[in-house]
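# Descriptive analysis of the structure
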Amino acid sequence: MMSSAFLNRALSLVAFILLSFSAQAQESIFSGRINDLNNQALIAGVKITVHESGLIAYSDSLGEFKLPLRPGHYHIHFEKEGYIAQDLNLDHPTSKSLTIQLIPGSIELDELLIEDQFFKLPNANFSQDLTAIRLDEQQQANQIDLANILEEQAGLSALNTGVGISKPIIRGFSGNRVAVIDQGIKQEGQQWGMDHGLEIDPFQVQRVELVKGPAALQYGSDAIAGAIRILPPSLAKEGWSANLRSNYHSNNRALGNSAAADYRKGALAIGLRLSQRNYHDFRVPAKSFVYNGFVLPITDNTLKNTAGALQSAQGYLSWNTEAYRARYLISVYQQNQGLYPGATGIPRAFDVGNIGDTKDIDLPFQSIGHYKVYTIQNIKIGKHWLEAELGYQFNDREERSLPHAHGFEELDSGATLALGLKLHSLQANLRYRFHWRAIDLIAGTAQQYQSNESRGFEYLIPNYTAYQSGVFLLAKGKLYEQLHWDGGLRWEYKRQQSPLSTTLWWQDIDSIVVRSPELDRQFSNFAAAAGMVYSPSDKWRLKWHLARSFRAPNVAELSSNGVHHGTFRHEVGNANLNPEIAWQVDWSASYQNENFLIRFSPFYYYFENFIFLRPTARFSSLPEAGQLYEYQQAPAIQSGAELYFDWHPWSKLHFSNASELILNTNLNTQLPLPFSPPASNLTSLNWEEDQWQLGLSWRYTAAQNRVDRNEAESPQYHLFHLNGSYQFKWRKQELRLHFGLRNIFDQFYLRHLSRYRILNLPEQGRNVIFGLSWRI
């Protein structure tokens, strides 16, 4: 730990020295002209963005543009509807005037204008496949939470608890193997819990970039399986702007509203967004369900106590100049979410049969508050850039229920706090970008400190502190024009500490039982990666990426020992677990022309000692505690592939298909790993005509029969969805009406990755959605 602290201070000192010696070079003009590659016609209205500073300009009627830049290295985007986006790495002022030629194309900008945060490499030249999502009002309206919105992408799925709680899964991995980066800061909200969702308002998310595959090199060991980057919105236009979004779901009478206002004058920009959503118990296409041989009622097709409410607010202030870019943000997220009574104990007819008022949130329920304040800084030092992120987060989670038999002590009948978790997280990231010959280099460090306090009459995890430190060096370059490479090395250290934790034994209040032993574990190891991209022509692209990743076990894996009511099971950790070591290979082959794109992405991951939560054949010794699950470790293989194509047979018709398959094996037992997503296929057809848009999609999810011992299988199902929108102007204001019909045929289905699956409870039935967006 001393070496890490010393290294951190040394890097900070270097940063201050560089800042103190930075020179204020004089601006000069970077100019150019943009034309069509096929017919050489000049193109007006092309958006030109300087990535480092956020500076935006547009080409004029003659296709010409001018940008004031100081000497340095820049990454510049060129984008316009109807053309394939282009990227340029510019050493200014060595090239003062350029001609940019854009290639006509019907494939959406969302799919093509993608780049990695660290390397600043466009997807075309980065060895891992990146996926970009630009969430419009309709996509945000279709689901209540962010993870379910994202699962429209191949390789992504969601682990959900009814409606309102879900977390993302990338290629079968979730929790502390998938990092969610919210505008530069890693989201910290007890990710180890399978019933712990993302505390992020989906209304505020406009642009997302996905890294499918190992991302530990860039984001640390919590990204061993991938990362989800939530990008800041584009800079607002000069002056005032505002927008209002509202939507309604018929199935659970969910009403959501979000209002935002922005102001920009010169380098200064400020903004505020307020969001609110309330929803009733959701309805399912079933009158009863079977649990443990008993038939239990679902009154009025409604799952009792699945209502919820959430509110959020986010404000920002930014300052953007050519040599300095700063963004300061503060956000508040609060959610109350009811849980089906059978999910926190053995379900009984008298508990689940009487619904009451469908909008009430009764016991048991979760109450979550998440508070963030952070800043992002980009500083130009000579020709290079220093980037820093500093943030503080407080996650306040309360799981409330009536006192019950395994409280381990005499309880106040009015005490309803079953489990309270208060997590404080402080993060600091620092990166310096520089060049050596023809190689771009990034040196950086990432530091994080966490402190957690556990409360309540139940026991799950102990109080703990955790410190994590990493240093890394990344590099990129090209051997020749058609062959690019990238790679790097990262060293990481983690220390996890928790005291001896004891409670009274429920059968004898005069006896003491150890729930978690005293823990002081230190882990250190390295991650490395290297990849290449070969483009034999403008249409073909071949990628290869090899990584060695490392992940230290989290607090639940090491020290849990109690009933996790949100997942209806007793979970037991193992203090002797070793870190995960993974060897990961990703390939990709893609072909693209003006109207067609196809991409095939297989992957193969070998874990020397994979950590997983395995269902045992035993039930907990605690009353009504459900099945016993233990954290275990074994060598394992996870492999699979994704196939995606996007075709525009006519300019107004868009046809796409995304398929995914995951296969895994515990090499000790030769059985599949538990909680693996089944194979699935999503086919979409979309028609756009002037202001109208109409879409139809069909998702087929195969049966999941490859399950671990004591894990239930899930049958196949088909879901059909319809959506449409109409956009128009009224008094110089932009309005958009949109509608959706989810689960058109009211299909009964069981999601294999739903926490209600263990109770054989179906998912949400038919849902009619209406929405309005209004932009001033």
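Look up a bit, the structure's there.
The paragraphs below set out a description of the structure included in this document. (Residues numbered from 1 in each chain as written. Predicted model: local features only at pLDDT ≥ 70, side-chain atom pairs only at ≥ 80, totals over all residues. Heavy atoms only, no water.)

Quick look at the overall build of the protein now. Along the protein, the regular secondary structure elements total seven helices and 43 strands. When contacts within the protein are restricted to residue pairs at least 6 apart in sequence, those whose partners lie at least 24 apart make up 67%. (Helix = DSSP H or I, 4+ residues; strand = E, 2+ residues; numbered from the N terminus. Contact = heavy atoms within 4.5 Å.)

In space, the five strands of this open sheet follow the order S9-S14-S15-S12-S13, with mixed pairing throughout. If you trace the sheet from one side to the other, it starts and ends with strand S9 (130-134) and strand S13 (185-186), each paired once. (Pairing = 2+ DSSP bridges.)

By size, the foremost hydrophobic cluster in this structure holds 29 residues, and its most contacted members are Leu146 and Ile228. Elements with a contribution of two residues or more to this core: helix H4 (146-150), strand S12 (178-182), strand S14 (207-212), strand S15 (226-231), strand S36 (596-619) and strand S37 (627-650). When residues in this core are grouped by element, the largest group, five residues, is from S36. Core analysis: the next-biggest nonpolar cluster, separate from the first, contains 26 residues, Leu419, Phe550, Leu577 and Tyr629 among them. (Core = buried A, V, L, I, M, F, W, Y, C linked by side-chain atoms within 4.5 Å. Buried < 20%, exposed > 50% of the residue type's maximum accessible area, 1.4 Å probe, protein only.)

With that out of the way, let us pick up the pattern of salt bridges. Within the structure shown, the criterion is met by 30 salt bridges. Its salt-bridge partner being Lys359, residue Asp357 comes within 2.7 Å of it at the nearest N-O pair. Lys359 sits in the partly exposed class, given a relative accessible area of 49%. A salt bridge links Glu387 to Arg431, with the nearest nitrogen and oxygen atoms 3.0 Å apart. One end of the pair, Glu387, is in strand S24 (residues 384-400); the other, Arg431, is in strand S25 (residues 417-436), and 44 residues separate them in sequence. Each member of the pair, Glu387 as well as Arg431, is classed as buried. Taken together, the salt bridges that share partners define one network made up of Arg171, Lys212, Asp586 and Glu642. (Salt bridge = Lys/Arg side-chain N within 4 Å of Asp/Glu carboxyl O.)

With that settled, the discussion passes to the sheet that holds strand S3 (residues 56-58). Read from one edge of the open sheet, four strands run S3-S2-S5-S7, paired in antiparallel fashion. The open sheet is flanked by S3 and strand S7 (86-92), the only strands paired with a single partner. The sheet shows a mean angle of 25° between the axes of neighbouring strands, taken without regard to direction. Alignment of strand S2 (residues 47-50) against strand S5 (residues 72-79), held across four bridges, turns out to be antiparallel. Bridge assignment links Lys47 to a residue of S5, and that residue is Glu79. (Axes fitted to C-alpha atoms, helices over the stretch in contact; angles between N-to-C directions.)

Glancing now at the side chain of Asp201. If you trace the backbone, Asp201 turns up in the loop between S13 and S14. One buried charged side chain, Asp201, makes no salt bridge at all; its nearest oppositely charged neighbour is Arg273, positioned 5.6 Å away. At a separation of 3.0 Å, a polar atom in the side chain of Asp201 contacts the main-chain amide nitrogen of Phe203. Among the polar contacts made by the side chain of Asp201, one reaches the side chain of Ser275 at a distance of 2.6 Å. In contact with Asp201, other than residues within four places in its own chain, are Arg273, Ser275, Ser312 and Tyr333. (Lys, Arg positive; Asp, Glu negative; His and termini not counted. Polar contact = N/O pair within 3.5 Å; in protein donor to acceptor, adjacent residues only side chain to side chain.)

Here we come to the pairing of strand S26 (residues 439-455). For S25 and S26, the ladder comprises 17 bridges, and the chain directions are antiparallel. Counted as the bridge partner of Phe434 is Leu441 from S26. With antiparallel pairing between neighbouring strands as the criterion, S25 and S26 make up a hairpin whose turn holds two residues, including Arg437 at a positive phi of roughly 55°. Sheet topology places S26 next to strand S27 (residues 464-480); 13 bridges connect them, and they run antiparallel. Bridge pairing links Ile442 to Leu474 in S27.

Now for a nonpolar patch on the surface. The grouping of Leu479, Tyr480, Met532, Tyr534, Trp540, Leu542, Trp544, Leu546, Trp587 and Tyr604 at the surface amounts to a nonpolar patch, some 950 Å² of accessible area in total. Among the secondary structure elements, those contributing two or more residues to the nonpolar patch are S27, strand S31 (519-534) and strand S32 (540-551). The element best represented in the nonpolar patch is S32, accounting for four residues. (Patch = residues over 30% accessible without salt bridge, like charges linked within 9 Å, V, L, I, M, F, W, Y side chains within 5 Å. Areas by Shrake-Rupley, 256 points an atom, 1.4 Å probe, with all protein chains shown as cover.)

As a further point, take the packing of aromatic side chains. Per the counting criterion, the structure on display carries 25 aromatic pairs. For the ring pair Trp692 and Tyr726, a centre distance of 4.6 Å and an interplane angle of 40° mean the geometry is tilted. Linking Trp692 in strand S40 (residues 692-701) with Tyr726 in strand S41 (residues 717-730), this pair joins segments that are 34 residues apart in sequence. By relative accessible area, Trp692 is classed as exposed at 51%. Put simply, the rings of Phe173, Phe603, Tyr605, Phe607, Phe610 and Phe612 touch in pairs and so form one group of aromatic residues. Here the basic side chain of Arg548 rests over the ring of Phe526, its NZ or CZ set 4.1 Å away from the ring centre. (Phe/Tyr/Trp six-rings, centres within 6.5 Å; stacked < 30°, edge-to-face > 60°. Lys NZ or Arg CZ within 6 Å of the ring centre and 35° of its normal.)

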